[in-house]
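# Observations on the model geometry
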Amino acid sequence: MNTQTFPFPGGTLTLEPDQGPRRLYIELTNRCNFSCRMCFRNNFSRPFGMMDDQTMDALLQQIRTLPALSSALIGGIGEPLLHPRALEVISALAARGVPVDLQTNGTLLSENMIDTLVTLPVERIITSYECGAVGHVQATTLKETIARIARRRALLGTGARNRPRITLEWILTRDSLERLESEALELITLGVGEFIISNLLPMDEAMAEDTLIFSDATGPANRIALKNSGDILESFVDRTRYKATVQRPEFHLQTERACPFIDREALVIRYDGQVAPCYRLLHESREYYQGRWRETKDHSFGSIGTTPILELWNSRSAMWFRHTVRTKQYPSCPDCRLRDGCEYIKDTTADCFAYSPSCADCLWDRRILICP
């Protein structure tokens, strides 16, 4: 792991290796026990898979030795509890004292599973509330699961430290927006302590009618940030204040850009061991918004089966990628005046600044879409 130098006009840029990622996102599988209209899996171009034992063993060995690792999320684009060794990964992280978030659709959270997750312990159970036409779970079923987690947490004595926290992901559509406030207040009484509100990214052209991205119906683009003046989430934020934590999306482009994966010093490990910088570049897929399709290409720094995570993190390509994203050395495609005739905007291969892969069209970077 050597210092890397890059030529720049008038000088040289030097990037130093460090102690590795602070957060890991671990995708044990991209298979799921549901097939939701709104899911990214609908547009994947490759077969679904499950982490094999060889990759799993390499993962377990390496997470025990990463010097800077301070948090992890078991999730990805699939249902992690389908993997027979999911609890083994959570246990290995817990044994190191690393707080673990579990991202699940909640349907496999039996009484025994909840007891295990509470006692391991797990920091957060993040479950999605997609009960509309684009989602999966009946509201009553998920509410019963949330209440069960809260009861077991209290019974097993972890309620005093409020662990695991119950976090709810809510995908905003024109339909679900109408239920957000009343449903959220009920969910708080059941035990939910945090909401992650994100926008619907259409998986087909018909779904574009349901999304609120760049919609005039959401309020003025130049809203007053402090008070969310005129914003459609203003009432929801006010009603839930001091009752639950809220991560909320933007609906229009703001000046600031911030990649949550770069800011958290994170890496994503795909089910086959490939290491990606973020969820968007984890799988080959496609997106639809602003009236056009974009092809998203998967991007890997290498495989944990052949190269240690720390070495991949400090590779030349990974260090350069983090530098360019952190310093925002890439264009902004959604509001570019040339976007309607641009070829670069068609996929994530490269951008007009010659950076590859391209983050110039990323809606997570603009907080229009939110990741846990």
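Residues numbered from 1 in each chain as written. Predicted model: local features only at pLDDT ≥ 70, side-chain atom pairs only at ≥ 80, totals over all residues. Heavy atoms only, no water.

### Concerning the pattern of salt bridges
What the rule picks out here adds up to 29 salt bridges. Residue Asp 231 pairs with Arg 248 through a salt bridge whose shortest N-O separation is 3.2 Å. Residue Asp 231 is found in the loop between strand S8 (194-199) and helix H6 (234-240), and its partner Arg 248 is found in the loop between strand S9 (245-247) and helix H7 (260-263); the two are separated by 17 residues along the sequence. Beyond isolated ion pairs, a larger network of salt bridges with shared partners links Arg 23, Asp 101, Glu 123, Arg 124, Arg 163, Arg 165 and Glu 194. (Salt bridge = Lys/Arg side-chain N within 4 Å of Asp/Glu carboxyl O. Helix = DSSP H or I, 4+ residues; strand = E, 2+ residues; numbered from the N terminus.)

### Concerning the environment of Arg 46
Mapped onto the elements of the fold, Arg 46 is located in the loop between strand S3 (23-26) and helix H1 (53-63). Sequence-wise, Arg 46 and Tyr 271 are 225 residues apart; in three dimensions their C-alpha atoms are separated by 13 Å. Sequence-distant contacts of Arg 46, defined by excluding residues within four places in its chain, comprise Arg 270, Glu 284 and Asp 298. Side chain to side chain, Arg 46 and Glu 284 meet in a polar contact 3.3 Å long. Reaching out from Arg 46, the side chain makes a polar contact with the side chain of Asp 298 at a distance of 2.5 Å. (Contact = heavy atoms within 4.5 Å. Polar contact = N/O pair within 3.5 Å; in protein donor to acceptor, adjacent residues only side chain to side chain.)

### Description of the packing of H1 against helix H2 (residues 86-95)
Between H1 and H2, the shortest axis-to-axis distance is 9 Å and the interhelical angle comes to 15 degrees. Taken together, H1 and H2 sit at an angle that is classed as roughly parallel. Both H1 and H2 take part in a crossing whose hand is right-handed. Contacts from Met 56, Leu 59, Leu 60 and Ile 63 of H1 reach H2 at Glu 88, Val 89, Ala 92 and Leu 93. Split into classes, the residues belonging to the contact of H1 with H2 amount to seven nonpolar, no polar and one charged. (Axes fitted to C-alpha atoms, helices over the stretch in contact; angles between N-to-C directions. Parallel < 35°, antiparallel > 145°, perpendicular 65-115°, else oblique. Left-handed = near helix turned anticlockwise from the far one by under 90°. Nonpolar A, V, L, I, M, F, W, Y, C, P; charged D, E, K, R; others polar.)

### A word on the pairing of strand S1 (residues 4-8)
Strand direction decides the pairing type here: S1 and strand S2 (residues 11-15), joined by five bridges, are antiparallel. Across the sheet, Phe 8 pairs through a bridge with Gly 11, a residue of S2. Between S1 and the antiparallel strand that follows it, S2, lie two residues; Gly 10 among them carries a positive phi value of about 85 degrees. (Pairing = 2+ DSSP bridges.)

### A short note on unusual backbone geometry
Across the junction of Ser 356 and Pro 357, the peptide omega takes the value 0 degrees, indicating a cis bond. Tracing the chain through its elements places Pro 357 in the segment after helix H9 (316-326). Of note in this structure, Lys 328 is not a glycine but carries a positive phi near 60 degrees. Considering the arrangement of structural elements, one finds Lys 328 in the segment after H9. Assessed through its relative accessible area of 23%, Lys 328 is described here as partly exposed. Backbone geometry at Ala 354 places phi at a positive 75 degrees, although glycine is not the residue there. (Buried < 20%, exposed > 50% of the residue type's maximum accessible area, 1.4 Å probe, protein only.)

### Here we look at the sheet that holds S9
Read across the open sheet, the nine strands follow the order S9-S8-S7-S6-S5-S4-S3-S10-S11; overall the sheet is mixed. Of all the strands in the sheet, just S9 and strand S11 (275-276) have a single pairing partner and so form its edges. Inspection of the sheet shows strand S4 (residues 71-74) paired to strand S5 (residues 100-104) by three bridges, in the parallel sense. If you follow Leu 73 over to S5, its bridge partner there is Asp 101. Here helix H5 (residues 177-190) sits on the sheet and contacts strand S7 (165-172) and S8; the angle it forms with S7, its principal contact strand, is near 170 degrees.

### Details of empty space enclosed by the protein
Counted under the stated rule, the structure contains four cavities of 30 Å³ or more. Looking at the largest cavity, its volume works out to about 650 Å³. Forming the walls of the largest cavity are 33 residues, and the residues nearest its centre are Met 38, Phe 40, Gln 103, Ser 128 and Glu 169. Those elements giving two or more residues to the lining of the largest cavity turn out to be S5, S7 and S8. For the lining of the largest cavity, the class distribution of residues is 18 nonpolar, 11 polar and four charged. (1 Å grid on protein atoms, 1.4 Å probe; cavity = no way out; pocket = protein on both sides within 12 Å on 5 of 7 lines; lining within 4 Å. Points joined across faces, edges and corners; volume = space filled by probe spheres on them.)

### With respect to the packing of aromatic side chains
Under the counting rule described, the total for this entry stands at 13 aromatic pairs. With a centroid separation of 5.9 Å and an interplanar angle of 55 degrees, the aromatic rings of Phe 40 and Trp 364 are classed as tilted. Here Phe 40, found in the loop between S3 and H1, pairs with Trp 364, found in the segment after H9; they are 324 residues apart in sequence, far enough to count as distant. Members of the aromatic cluster, connected to one another through ring pairs, are Phe 6, Phe 8, Trp 320 and Tyr 355. The lysine or arginine in question, Arg 322, covers the ring of Trp 313, its NZ or CZ lying 3.7 Å from the ring centre. (Phe/Tyr/Trp six-rings, centres within 6.5 Å; stacked < 30°, edge-to-face > 60°. Lys NZ or Arg CZ within 6 Å of the ring centre and 35° of its normal.)

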